[in-house]
Amino acid sequence: MGAGAESCFVTGVPGTFYGRLFPSRSLQFIHSSYSLQRLSQVPEGLESNKGNIYMASSSPPCLLKAYYQQFQKDFSMFLRYRSQELVEGASMVLTILGRRSDDPSSKECCNIWELLAVALNDMVAEGLIEEEKMDSFNIPNYTPSPTEVKCEAEKEGSFIINRVFEVNWNAYHGEFCPLDAHKEGGYNVAKMMRAVGEALLVSHFGDGIIDEVFSKYKNIIADRMSGEKTKFVNVTISMTRRG
């Protein structure tokens, strides 16, 4: 750091961000990036989701409601605990993988998990995964809309909302080219999703299937992406701790 620069202290603390992490009134700024779409647990009552691993177009309304209620509970809890750790007037900026649509099972947020389910179901058909194992596996994620994020922040009440906005990003490093989708887009998305989901898959299915699952997944993604530009939506909310 250059002369005259402010000191910066870095620390690591154990525990979940859905609980208390820091002393009361000890923080002046909080930034969370790509964390809050992960739920604290898989919602209860997902027995009817056979063949899927997340919300899907074929999922019943009760399943979509269970995911949304778990998000409401978790996000409200996160806001409450962070408000206790921030000083009055402090800022918090949250970036969450989300969606534009009001439909929580829309393609823009669920298709990427539906394609992973296709790879897993292929392995069930091949006898590499037990069907019961497949039917009992669900992803603890929820990608909220800007409206849902704003609504929960207003309901919790500890923060003044300065701005809520969305930003797109795609799976390609440069301009989209259908001919490059197989070798670039499919590989990039599969690599990203392996980083996100490998630990969950290993804990449920074991590590013996992982390479095969993501090899299939990469090919499925590349095939589906060959004629379209896949985009992901980030929802960002900027807030100030009330006095």
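Residues numbered from 1 in each chain as written. Predicted model: local features only at pLDDT ≥ 70, side-chain atom pairs only at ≥ 80, totals over all residues. Heavy atoms only, no water.

With reference to specific residues and values, describe the overall build of the protein chain.
A count of helices and strands for the protein chain gives 6 helices and 4 strands. Counting from the amino terminus, the protein chain carries its helices and strands in the arrangement β-α-β-α-α-α-β-α-α-β. Burial analysis of the protein chain (243 residues in total) assigns 44% to the buried set. In the protein chain, the share of contacts with a sequence separation of at least 24, taken over all contacts with a separation of at least 6, comes to 82%. (Helix = DSSP H or I, 4+ residues; strand = E, 2+ residues; numbered from the N terminus. Buried < 20%, exposed > 50% of the residue type's maximum accessible area, 1.4 Å probe, protein only. Contact = heavy atoms within 4.5 Å.)

Can you lay out the packing of aromatic side chains for me, pointing to particular residues and giving the numbers?
On inspection of all chains with the given rule, the structure shows 9 aromatic pairs. Plain terms: the ring middles of F71 and F75 are 5.4 Å apart, the flat faces sit at 10° to each other, and that makes the pair stacked. Residue F71 and its partner F75 are both found in helix α1 (residues 61-85); the two are separated by 4 residues, about one turn of the helix. The exposure class assigned to F75 is buried, which follows from its relative accessible area of 1%. A network of ring pairs unites the aromatic residues Y68, F71, F75 and Y142 as a single cluster. One cation-aromatic arrangement involves R80 over Y81; the distance from NZ or CZ to the ring centre is 5.4 Å. Looking at R82, its charged tip hangs above the ring of F78, at a distance of 5.0 Å from the centre. (Phe/Tyr/Trp six-rings, centres within 6.5 Å; stacked < 30°, edge-to-face > 60°. Lys NZ or Arg CZ within 6 Å of the ring centre and 35° of its normal.)

Talk me through the state of the cysteines; I want residue IDs and the actual numbers.
Scanning the model with the defined rule gives 0 disulfides in all. Just so you know, C110 is unpaired, no disulfide at all, and the nearest cysteine sulfur is the one on C109, 3.6 Å from it. Under the relative-accessibility criterion, C110 is labelled buried at 0%. (Disulfide = S-S within 2.5 Å.)

Tell me about the pattern of salt bridges, residues and numbers included.
Following the criterion strictly, the structure yields 9 salt bridges and no others. Ionic pairing is found between R194 and E198, a salt bridge with its closest N-O pair at 3.2 Å. Here R194 and its partner E198 are both found in helix α5 (residues 181-205), 4 residues apart, which amounts to about one turn of the helix. Accessibility expressed as a relative area gives 28% for E198, which makes it partly exposed. Members of the salt-bridge network, linked through shared partners, are R20, R82 and E85. (Salt bridge = Lys/Arg side-chain N within 4 Å of Asp/Glu carboxyl O.)

Go over the nonpolar core with me, naming the residues and quoting the values.
Residues I53, L79, M92, L94, L120 and Y217 are the most contacted members of the largest nonpolar core, which totals 58 residues. Those elements giving two or more residues to this core turn out to be β1 (27-33), α1, β2 (86-98), α2 (107-125), α4 (146-156), α5, α6 (210-225) and β4 (231-241). At 11 residues, the largest contribution of residues to this core is made by α2. (Core = buried A, V, L, I, M, F, W, Y, C linked by side-chain atoms within 4.5 Å.)

I'd like to hear about the side chain of R241, residue by residue, with values.
Among the structural elements, R241 can be located in strand β4. An unpaired buried charge is present at R241: no salt bridge exists, and E88, the closest side chain of opposite charge, is 6.0 Å distant. A polar atom in the side chain of R241 sits 2.7 Å from the backbone oxygen of S83. Those residues within four positions of R241 in sequence are excluded, and the remaining contacts are R25, S83, L86, V87, E88, G89, A90, S158 and F159. (Lys, Arg positive; Asp, Glu negative; His and termini not counted. Polar contact = N/O pair within 3.5 Å; in protein donor to acceptor, adjacent residues only side chain to side chain.)

Requested: an account of the pairing of β1, with residues and values cited.
One ladder, built from 6 bridges, connects β1 with β2; its direction is parallel. By the bridge assignment for β2, H31 is matched with V93. (Pairing = 2+ DSSP bridges.)

Describe the packing of α1 against α4, naming the residues involved and giving the relevant values.
Interhelical geometry of α1 versus α4 gives an angle of 50° and a closest axis separation of 10 Å. The pairing of α1 with α4 is recorded here as oblique in orientation. Our pair here, α1 against α4, has a crossing hand that is right-handed. Contacts from Y68, F71, Q72, F75, S76, L79, R80 and S83 in α1 reach E148, V149, E152, A153, K155 and E156 in α4. (Axes fitted to C-alpha atoms, helices over the stretch in contact; angles between N-to-C directions. Parallel < 35°, antiparallel > 145°, perpendicular 65-115°, else oblique. Left-handed = near helix turned anticlockwise from the far one by under 90°.)

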